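Structural overview
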Amino acid sequence: MGKIISIVNQKGGVGKTTTAVNLVAGIGLAGKKVLLVDADPQGNSTSGYGISKKQGGATTYELLIGGAKAETAIVKTQFKNVDVIPASMNLAAAEVDLIEIERRESALKNALAPIRENYDYIFIDCPPSLGLITINALNAGDTVLVPIQCEYFALEGLSQLMASVRQVKRLYNPMLEIEGIVLTMFDGRLNLTQQVVGEIKKFFVDKLYKTVIPRGVRLSEAPSYGCPIQYYDKRSKGCIAYNDLAKEFLKRNRRG
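Presented here is a report on the structure given in the accompanying data block. Nothing here was measured: the structure is a model prediction, and the numbers come from that model.

Attention now goes to the overall build of the protein. Helix and strand counts for the protein come out as twelve helices and seven strands. Taking 2.2 N^0.38 as the reference for a compact globule, 256 residues should give roughly 18 Å; the C-alpha atoms of the protein span a radius of gyration of 17 Å, in line with that estimate. Referenced to the eigenvectors of the C-alpha coordinate spread, the extents of the protein come out at roughly 50 × 40 × 30 Å. Here the protein holds 256 residues, and the buried ones make up 54% of them. In the protein, once contacts between residues fewer than 6 apart in sequence are set aside, the share between residues at least 24 apart is 78%.

Take a look at the structure:
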């Protein structure tokens, strides 16, 4: 049965979707079958894999409100071992529409249950908020992966996120654990970066990935070409970093 990992950070612009797109691609290239569920109304993971947000098929929105089965929403990509359940603009309405649904916090978990055995890993790219969609992802997930930008407010946001994870664990999903913390937009020359790393190590030393993701123009360019960094520029620092992260992830999960 596939492990479900929710990629969460309530702050935008921290490399969450970049991590979702490129980590999934790296794991696919390593030979594992992966599904990426785009649960962010912005739909950047969808377009990052070259899928049109107007493609007309079932999307994460229909899964959440019970209008479609997961198997009908899966889009096979041209990239090795990677499938995507895309987001559409309708997903922005899900926070409101879910209020009317019974056991609304379990909608995504129930939708993904029939297809879990078809994948080694299922990743959920969450919106930059802690609303009902993210609660659904945390309830559906086995673990939480947290990308963090090396900046002053990162630790404050991390403590808020951990409080939310504890609450979901207490109320809905007692098995939920922290998969790990990934440092993004890393610049080792900055004192602030070193301070943030030091603070995170104090509290999460066993959860912090050794692999760090540097800032990179090529990482920023790849989504506009509708492909992960591994298929855009495999010699770039960003590609090397995400492939290393994929290897570290698989080693931690003892499947790679």
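Read on, since the account is not over.
Next up on the list: the packing of helix H8 (residues 154-171) against helix H9 (residues 191-204). Contact pair H8 / H9: the axes reach a minimum separation of 11 Å and the direction vectors enclose 25°. In terms of axis orientation, H8 runs roughly parallel to H9. For the pair H8 and H9, the crossing hand works out as right-handed. In this structure, H8 uses Leu155, Leu158 and Met162 to contact H9, whose residues at the interface are Val196, Glu199, Ile200 and Phe204. In the contact of H8 with H9, the residues fall into six nonpolar, no polar and one charged.

On to the pairing of strand S7 (residues 177-184), then. Of all eight residues that make up S7, seven are buried, and the element is covered over most of its length. The sheet contact formed by strand S6 (residues 143-149) and S7 spans seven bridges and is parallel. What sits directly across from Thr143, in S7, is Glu177. Handedness of the crossover is the feature at issue here: the chain leaves S6, passes through H8, returns alongside S7, and the resulting connection is right-handed.

What counts as what
- Residues numbered from 1 in each chain as written.
- Predicted model: local features only at pLDDT ≥ 70, side-chain atom pairs only at ≥ 80, totals over all residues.
- Heavy atoms only, no water.
- Helix = DSSP H or I, 4+ residues; strand = E, 2+ residues; numbered from the N terminus.
- Rg over C-alpha atoms; globule rule 2.2 N^0.38 Å.
- Buried < 20%, exposed > 50% of the residue type's maximum accessible area, 1.4 Å probe, protein only.
- Contact = heavy atoms within 4.5 Å.
- Axes fitted to C-alpha atoms, helices over the stretch in contact; angles between N-to-C directions.
- Parallel < 35°, antiparallel > 145°, perpendicular 65-115°, else oblique.
- Left-handed = near helix turned anticlockwise from the far one by under 90°.
- Nonpolar A, V, L, I, M, F, W, Y, C, P; charged D, E, K, R; others polar.
- Pairing = 2+ DSSP bridges.
- Right-handed = clockwise from strand over helix to strand, strands pointing away.

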